[in-house]
Each structure stands twice: as C-alpha cells, then as structure tokens.
Amino acid sequence: MVFTNLHLDVLLLFSLLFFLSISPVSGVAYPPSTQVPIRSSGGPSSHKKFDPYHRDPLVDEYASGETGTYWDYTSSYGPLLWTRLNKKEWPLCSTGDLQSPINIGPGMKPSGFKYEWSGPKDACYNMTNNGNTIELIPVCGRTASFDDDEFEDGNAYFDREEGDSRMGVMYDDDWFNLQNIHFHTPSEHRYLEEYFPLEAHFVMKSSKTGRFAIRAIFFDVTSGEESNLWDGITKNLEKVQHSGQWTKVRINTIDIMKIFQDHGINNRVYNYHGSLTTPPCTQNVIWDVLSVPQKASTRTYNLFKRIIRFNSRYTQNVPGRGNLLVEACGKR
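Basis of the calculations
- Residues numbered from 1 in each chain as written.
- Predicted model: local features only at pLDDT ≥ 70, side-chain atom pairs only at ≥ 80, totals over all residues.
- Heavy atoms only, no water.
- Helix = DSSP H or I, 4+ residues; strand = E, 2+ residues; numbered from the N terminus.
- Expected span 1.5 Å × (residues − 1).
- Buried < 20%, exposed > 50% of the residue type's maximum accessible area, 1.4 Å probe, protein only.
- Arc of directions from axis to C-beta.
- Contact = heavy atoms within 4.5 Å.
- pLDDT = per-residue confidence, 0-100.
- Pairing = 2+ DSSP bridges.
- Salt bridge = Lys/Arg side-chain N within 4 Å of Asp/Glu carboxyl O.
- Disulfide = S-S within 2.5 Å.
- Polar contact = N/O pair within 3.5 Å; in protein donor to acceptor, adjacent residues only side chain to side chain.
- Phe/Tyr/Trp six-rings, centres within 6.5 Å; stacked < 30°, edge-to-face > 60°.
- Lys NZ or Arg CZ within 6 Å of the ring centre and 35° of its normal.
- Lys, Arg positive; Asp, Glu negative; His and termini not counted.

## Let's talk about helix α5 (residues 254-265)
With twelve residues, α5 ought to run about 16 Å at 1.5 Å a step, and its terminal C-alpha atoms sit 16 Å apart, in line with that. Regarding α5, the residues found buried are I256, M257, F260, Q261 and G264. Projected down its long axis, α5 carries its buried residues within an arc of 145°, all on one side. The elements touched by buried residues of α5 are β7 (198-206), β8 (212-222), β10 (269-275) and β11 (283-297). In the stretch just after α5, N267 is the one whose phi turns positive, near 60°.

Printed below as a string of structure tokens:
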C-alpha cells in the first residue's frame, strides 16, 4: 500500500489525538478526588489540610463540615451551590434568612459600642494558608519567644487543651474567645454600597454557648503608612504562598482594637445578627463592622491578592427578609 502525504497527515492527527487522550493536561480543573495535593489558592484539591494542633484550621463549625466536603468560591463549588455540596450540614447557605455578608445601608443605625478587647499587646500566631484564606491561629502571648517550647505548648495566654487564647471580648456576661483572624479580598461586607480591597475578620467563640462573634475591619490601599497590624504579617506572606504552608508570626492586635473601640464610641461601628460567610453558614452570629477603613500598603494588598485571589461571598439580603436563593427560585 502506497502512503500519500494525505495519509501521513491523517495518521499523525490520530496519533496526536490518542496521545492527548492518555496524557494529563496541565491546567485542567480535575475533580477533588484526583487533583494534585497542593494548590495555589484556586481549584479543588485534596481534603488533607495541615494544622499545627491536628485540628481543622478553621476551628469547629467554622470549617468544611464533618465530612470534609470541598468548597471554594468558583463555579459549581462556589457560594450559589454550597448547600448542594453538603445538603445535610449546609442547608442554611441557601435557606437561612440571617445570612452574611450584607451591605451596611442607610437604614442601619450604628450601635453604642461597649465591648472592650482583652489580651496581650504582643501575641504569636501560626499563620496558615488553608486553601481559601490566610489565617492566623493564636498560640501564645507576649512572654513566649519563637525559640521557646512555650510557643508550641502555649503559655499564660493560651490553653492548648481548651483552645483558649485568652484574647477576646465579653458580650453580656459571656466570654467570646479569639479563634482565628483571617482575610477576604475583596471585602465581603459593603458600607453604603462601597466595597473595599481587603477585609479582616476576628472570629471569636463563646465556650458557654458555642455562639460566634466576629469583628470585621475594612482596609483601603495606601502608598503611605499602613496599620501596624501588618508588621508581622506582610514580611512572612511569601512563606505561605501555597495551600498547606504555614509559619510562625508575632503581631500586635491591641492598637487596631483600640481604634475599633474609639470608633465604636463615636458611633462608627455597626452591629447586626447574621451568619458565618463560609460553610456551614451558621446563623445567630454577632457581627460588629467598623465602617471606617484602615490602611494597608500596596505591597501588602498585592501579596494578599496574589496568594488568596478572590475569596468573597456575594452580598446577602437584608437580615430577616429571606434568602436570595429562595427568592430567586420563586419559592417565597
């Protein structure tokens, strides 16, 4: 049989198609069961997450649920379909009528803020990239150094057995202890419809009731001096560029909480009852949102944006007015 140029072209084409069908293709978004273990913020990955204390990086309910269900902020794994990913544990994501985040609108009145932050000026944290955000878990107070065994085992400000950092606030005779600090870009909440480049959440939890209280702080980008909250964070972000990476940092939360307190006294803090902004979307969360943005440098913002990319849930309905997904389906 004589092979013409046309025959050879056809054979080459079929050979190429066969090779592509059996070879892994770079860039393909594989399902969670087959994705490479380490990812850089985006795309499904292995469920295994590193944690310094062998617990889920997002403490207790503030996590992926008991089944370790994968979720993110994109397409079929994103906020619109969180409930479908785990109907048993996450029904409130699509049915709850006190969901967060929200727009702090003109109809909301600032609260008379009276809850004072308590804790050491200088505390150390394990800073972790958990695949969805950069998170800081408190592990010690000002008396421990990074070379001390105390950093690993806790000290006067951290009770490892109880998960108690001795940092937080007292709400109505109930102590809410700091669980973690994490970040969203862009901001999840809006103030008078305006969004901000970055939002920090200080997540606290009552050991008595299990209820959450979260302080939210907006950050604008500046070419000038930034908040000293970033002093121990920005210089270490390069160490947590990929999911599962972590490092030790020491930061000062007292100064920014003093600013929060001062603005609260001046009626610039807004309080409402909402939910966690990630699965399982637990409700009856006490939110305090500072409407005055603080400062983050261009470098800090660009590092966060490059590492965590987009990780914000869409704006929810006015608290109590029904879930937007229920209304979109015409069920209300």
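Here the narrative resumes, following the displayed structure.
## Considerations on the confidence of the model for the protein chain
Taken residue by residue, the protein chain gives an average pLDDT of 77. The fraction at 70 or more is 71%. Helix α4 (residues 149-153) is the least confidently modelled element of the protein chain, averaging 39 in pLDDT, while strand β6 (residues 190-191) averages 97, the highest of any element. Ignoring residues within four places in sequence, the model shows residues 10-14, a span with pLDDT below 50, making one contact including any to other chains. Counting contacts from residues 142-163, a segment whose pLDDT is below 50, to residues more than four positions away or on other chains yields 55 contacts.

## Focus on the pairing of strand β9 (residues 246-251)
Going residue by residue along β9, you find T247, V249 and I251 tucked away on one face and W246, K248 and R250 left uncovered on the opposite face. Relative to β9, strand β2 (residues 123-129) runs antiparallel, the two being bridged by six bridges. Residue pairing in the sheet places M127 in a bridge with T247 of β9.

## Some thoughts on the pattern of salt bridges
Enumeration over the complete set of coordinates arrives at three salt bridges. Here D262 ties to K258 by a salt bridge, and the two come within 3.0 Å at their closest N and O atoms. Residue D262 and its partner K258 are located together in helix α5, separated by four residues, close to a single helical turn. Judged by its relative accessible area of 31%, D262 falls in the partly exposed class. Residue classification places K258 among the partly exposed positions, given a relative accessible area of 48%.

## Digging into the pairing of strand β4 (residues 168-171)
In this structure, β4 lies alongside strand β5 (residues 174-184), joined through four bridges in antiparallel fashion. Along β5, the bridge assignment pairs M170 with W175. Connecting β4 to the next strand, β5, in antiparallel fashion are two residues, including D172 with a positive phi near 50°.

## As for helix α6 (residues 298-308)
Listed as buried for α6 are T300, Y301, L303, F304, I307 and I308. Viewed end-on, α6 has its buried residues packed into an arc of 165°, placing them on one side of the element. Buried residues along α6 sit against β2, β3 (134-140), β5, β7, β8 and β11.

## Thoughts on the state of the cysteines
Tallying each qualifying case throughout the model produces one disulfide. C93 shares a disulfide with C281; S-S distance 2.0 Å. Taking the sign of the S-S torsion, 95° for the link of C93 and C281, the bridge is right-handed. On the criterion of sequence distance, the pair formed by C93 in helix α3 (residues 92-95) and C281 in the loop between β10 and β11 is long-range, its members being 188 residues apart. On the accessibility criterion, C281 (0% relative accessible area) is buried.

## So, the side chain of N180
By the secondary structure assignment, N180 is in strand β5. Of note is the side chain of N180, whose polar atom sits 2.9 Å from the side chain of H182.

## A short note on the packing of aromatic side chains
Enumeration over the complete set of coordinates arrives at 13 aromatic pairs. Taken together, a centroid distance of 5.6 Å and an interplanar angle of 75° make the contact between W71 and Y73 edge-to-face. Ring pairs connect the aromatic residues F183, F219, W230 and F304, which therefore count as one cluster. In this structure, R215 is placed above the aromatic ring of F260, and the distance from its NZ or CZ to the ring centre is 4.7 Å. The positively charged end of R313 is found above the aromatic ring belonging to Y314, 6.0 Å away from the centroid.

## A few points about the side chain of D288
Here D288 is to be found in strand β11. Look at D288: it is buried, it has no salt bridge, and the nearest opposite charge is R215 at 4.7 Å. Within polar-contact distance, the side chain of D288 engages the side chain of N271 at 2.9 Å.

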